[in-house]
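Here's the letter readout for the chains.
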Amino acid sequence: MASGRPSLAAGLHLRQEQKAQPRLYQAMDLLHMPLLDLQSHLREALVDNPFLDLVEPGDEPDDAVDELSESIADDAGDNPADEAEEVDWEDILLDDFDAGGRREEYGDREYYAPTAAAAQTLWDHLHEQLNLLRLGERQVRIGEEIIGNVDRDGFLSCPLDRIVEALDQVSRAEVEEMLARIQSFEPSGIAARDLRETLMLQLRDRGGEGSLAHRIVDGHFDDLANRRWSELAEAFGIEPREVQAAADEIAKLDPKPGLRYADASESYVIPDLTVEKVEGRYRVSHADTSLPRLKLSPVYRDVAADRARFEGESRAFISERLNSARWLIQAIEQRRRTMLKVMDFIVERQHDFFEKGVEHLRPLTLRDVARHIEMHESTVSRVTNGKYAQTPRGLYPLKFFFSGGYATRGGEDLSSEGVRARIRKLVAEEDPTAPLSDHEITARLQDAGVRIARRTVAKYRDGLGILSARLRRRV
């Protein structure tokens with residue numbers, strides 16, 4: 001008869017878990033770091049670990065370093081778990097990649113450290129102009145409230161009624177008067193409440209108030225946005241060509257006047273790799289000349305060599321710091337080696353791109369690279385994410401070279417980026433009075449051997465910011 005008591009076995013569940021060791025996480029972070037982040041990380045490591053030192057020009061590797069570190073590790077009685085930890089991150093993440101990165105260089109390379117200039121923000125620029133006016137304390141307070149509500153695109157981001165409410169004993173008329181003064185500031189079109197108003201302000205500042213362009217924006221903005229040239233021509237009693245000429249003038253205006261003061265550091269990129277054509281072959285090298293190169297410090301190495309002076313915790317501390325320094329040096333070299341191996345395969349696979357341009361970009365996936373270099377797909381993803389390569393055709397993120405593709409009737413593969421480039425070229429070469437429809441673009445691509453559907457062409461065209469045929473048509 002059952003007692004009704006739950007058995008001990010019934011409450012036990014065996015579960016196998018694999019926990020990443022701390023150094024595995026560190027290795028993953030090192031692979032993922034862009035160059036600027038890695039620079040900061042290595043500088044912090046130099047401060048934190050006394051066994052690390054900078055490699056100076058002309059330094060030679062010291063073979064005694066490994067013997068010394070092994071001796072200290074033996075005397076300190078390293079924990080076997082630490083040894084397993086060393087193996088884990090190499091085996092799991094880098095697949096036993098050998099340490100000692102490739103140092104091959106092609107020609108002399110000069111490095112000039114980038115110097116960041118203090119950029120004036122949009123709000124600084126507006127406050128500077130506000131302070132040049134002869135204003136009372138009340139007007140300054142209204143002006144500062146308005147400027148504080150200007151967004152990075154240069155538009156007023158809240159209704160005037162809300163600004164009136166935020167200020168004590170201020171009338172709407174006072175706020176409107178100050179807004180009008182701020183709208184005369186540089187950049188032209190600033191503090192507008194919508195796109196129509198910023199265009200009108202810019203036309204006014206150009207002396208175009210009362211012009212055909214100004215009248216179109218003022219009274220027929222919806223027709224302008226939808227390019228209804230015939231309706232506009234009829235409304236003004238003029239030829240469609242005149243309307244289109246006015247629309248071309250409007251198109252030269254800035255739809256987001258505040259962006260010119262956006263922080264330039266947001267788009268500041270330093271390449272991690274360089275691709276150069278040397279003697280007819282494309283060569284890959286690192287562009288990390290600004291990256292601190294590390295070595296074991298000879299000063300602390302000598303201190304550690306005097307083992308008689310250190311016992312117990314001191315010896316363990318020295319062993320831990322020395323092992324950490326050796327691990328970091330090895331990890332950085334493996335990162336360099338892995339990036340080179342990935343980029344070498346990209347260059348080999350995308351040779352036609354480097355020779356002929358983006359239209360010849362071939363399909364490539366992370367799995368293709370991982371299979372070729374015998375690494376895990378997630379490792380390739382970390383190596384390529386946020387990294388850039390300076391090539392003879394410009395600066396590209398490594399992710400640019402990865403995309404799906406299409407098979408052509410000739411048996412060649414064409415990447416989706418290559419298809420987009422062909423669509424862009426077809427539109428650029430079309431007759432503007434009879435622009436190509438999506439159906440016609442599809443037919444031309446299929447005539448060239450690219451098997452693609454019309455809806456895919458429409459999706460790519462939208463993604464490229466190309467208007468439909470009706471909106472591209474010119475008279």
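Residues numbered from 1 in each chain as written. Predicted model: local features only at pLDDT ≥ 70, side-chain atom pairs only at ≥ 80, totals over all residues. Heavy atoms only, no water.

**Observations regarding the overall build of the protein chain**
Move 1: On a plain count of helices and strands, the protein chain comes out with 22 helices and 8 strands.
Move 2: Within the protein chain, the proportion of its 475 residues that are buried is 39%.
Move 3: Surface accessibility of the protein chain: about 27400 Å² in total, with carbon and sulfur atoms responsible for 47%. (Helix = DSSP H or I, 4+ residues; strand = E, 2+ residues; numbered from the N terminus. Buried < 20%, exposed > 50% of the residue type's maximum accessible area, 1.4 Å probe, protein only. Areas by Shrake-Rupley, 256 points an atom, 1.4 Å probe, with all protein chains shown as cover.)

**So, the environment of Glu-359**
Move 1: Position of Glu-359 among the secondary structure elements: in the loop between α16 (351-356) and α17 (366-373).
Move 2: Take Glu-359: its relative accessible area is 23%, and that puts it in the partly exposed class.
Move 3: With residues up to four places along the chain from it excluded, the contact list for Glu-359 reads Leu-414, Gly-418, Ala-421, Arg-422 and Lys-425. (Contact = heavy atoms within 4.5 Å.)

**Some points on the side chain of His-214**
Move 1: Within the element layout of this structure, His-214 appears in helix α10 (residues 212-219).
Move 2: The exposure class of His-214 is buried, given its relative accessible area of 9%.
Move 3: Excluding anything up to four places from it in sequence, His-214 contacts Met-200, Leu-203, Gly-208 and Glu-209.

**Details of the packing of α17 against helix α18 (residues 377-384)**
Two numbers describe a pair of packed helices, the interaxial angle and the distance between the axes.
Move 1: Packing of α17 against α18 leaves a shortest axis separation of 8 Å and a crossing angle of 110°. Taken together, the axes of α17 and α18 lie roughly perpendicular to each other. You can see that α17 and α18 cross each other, and the crossing is right-handed. Contacts from Leu-366, Arg-367, Val-369, Ala-370 and Ile-373 in α17 reach Glu-377, Val-380, Ser-381 and Thr-384 in α18.
Move 2: Taken together, the residues that form the contact of α17 with α18 break down as 5 nonpolar, 2 polar and 2 charged. (Axes fitted to C-alpha atoms, helices over the stretch in contact; angles between N-to-C directions. Parallel < 35°, antiparallel > 145°, perpendicular 65-115°, else oblique. Left-handed = near helix turned anticlockwise from the far one by under 90°. Nonpolar A, V, L, I, M, F, W, Y, C, P; charged D, E, K, R; others polar.)

**Concerning the pattern of salt bridges**
Move 1: All told, the structure shown has 19 salt bridges when counted by the stated rule.
Move 2: Residue Glu-197 pairs with Arg-193 through a salt bridge whose shortest N-O separation is 3.0 Å.
Move 3: By relative accessible area, which is 16% here, Glu-197 ends up buried.
Move 4: One salt bridge connects Asp-222 with Arg-228, and the closest N-O pair in it is separated by 3.0 Å.
Move 5: Residue classification places Asp-222 among the partly exposed residues on the basis of a relative accessible area of 49%.
Move 6: Residue classification places Arg-228 among the partly exposed positions, given a relative accessible area of 27%. (Salt bridge = Lys/Arg side-chain N within 4 Å of Asp/Glu carboxyl O.)

**Quick look at the sheet that holds strand β3 (residues 281-286)**
Move 1: With mixed pairing, 4 strands are arranged side by side in an open sheet as β3-β2-β5-β6. The outermost strands of the open sheet, each flanked by one partner alone, are β3 and β6 (394-397). In this sheet, adjacent strand axes meet at a mean angle of 25° when their direction is disregarded. (Pairing = 2+ DSSP bridges.)

**Regarding the layout of surface pockets**
Move 1: The space that makes up the second largest pocket amounts to roughly 430 Å³.
Move 2: Counting only elements with at least two residues in the lining of the second largest pocket, the list comes to α9 (195-205), α11 (221-225) and α13 (240-251).
Move 3: Top element by residues in the lining of the second largest pocket is α13. It accounts for 5 residues.
Move 4: Considered class by class, the residues forming the lining of the second largest pocket number 11 nonpolar, 1 polar and 5 charged. (1 Å grid on protein atoms, 1.4 Å probe; cavity = no way out; pocket = protein on both sides within 12 Å on 5 of 7 lines; lining within 4 Å. Points joined across faces, edges and corners; volume = space filled by probe spheres on them.)

**Topic: the pairing of β3**
Two faces, one strand: in a regular strand the side chains alternate between the faces of the sheet.
Move 1: Relative to β3, strand β2 (residues 273-278) runs antiparallel, the two sharing 6 bridges. Paired with Thr-274 across the strands is Ser-285, a residue of β3.
Move 2: As consecutive antiparallel partners, β2 and β3 are separated by 2 residues, and within that stretch Glu-279 has a phi angle of approximately 55°, a positive value.

**Let's talk about the packing of aromatic side chains**
Move 1: Summed over all chains, the structure comprises 9 aromatic pairs.
Move 2: Aromatic side chains Tyr-282 and Phe-354 sit 5.4 Å apart centroid to centroid with 40° between the ring planes, which places their arrangement in the tilted category. Of this pair, Tyr-282 sits in strand β3 while Phe-354 sits in helix α16, placing them 72 residues apart in sequence. Phe-354 shares its class with Tyr-282; the two are buried. (Phe/Tyr/Trp six-rings, centres within 6.5 Å; stacked < 30°, edge-to-face > 60°.)

**Looking at α13**
Move 1: Its 12 residues place the ends of α13 16 Å apart at the C-alpha level, agreeing with the 16 Å of an ideal helix rising 1.5 Å per residue.
Move 2: Among all positions in α13, only Val-243, Gln-244, Ala-246, Ala-247 and Ile-250 are buried. The arc that holds the buried residues of α13, viewed along the axis, is 160°, so those residues lie on one side.
Move 3: Packing partners of the buried residues in α13 comprise α9, α10, α11 and α12 (229-236). (Expected span 1.5 Å × (residues − 1). Arc of directions from axis to C-beta.)

**Quick notes on the confidence of the model for the protein chain**
Move 1: Per-residue pLDDT for the protein chain averages 79, and the proportion of residues at 70 or more is 75%.
Move 2: Overall, residues 5-12 carries pLDDT values under 50, and its contacts beyond four positions in sequence, including any with other chains, amount to 0 contacts. (pLDDT = per-residue confidence, 0-100.)

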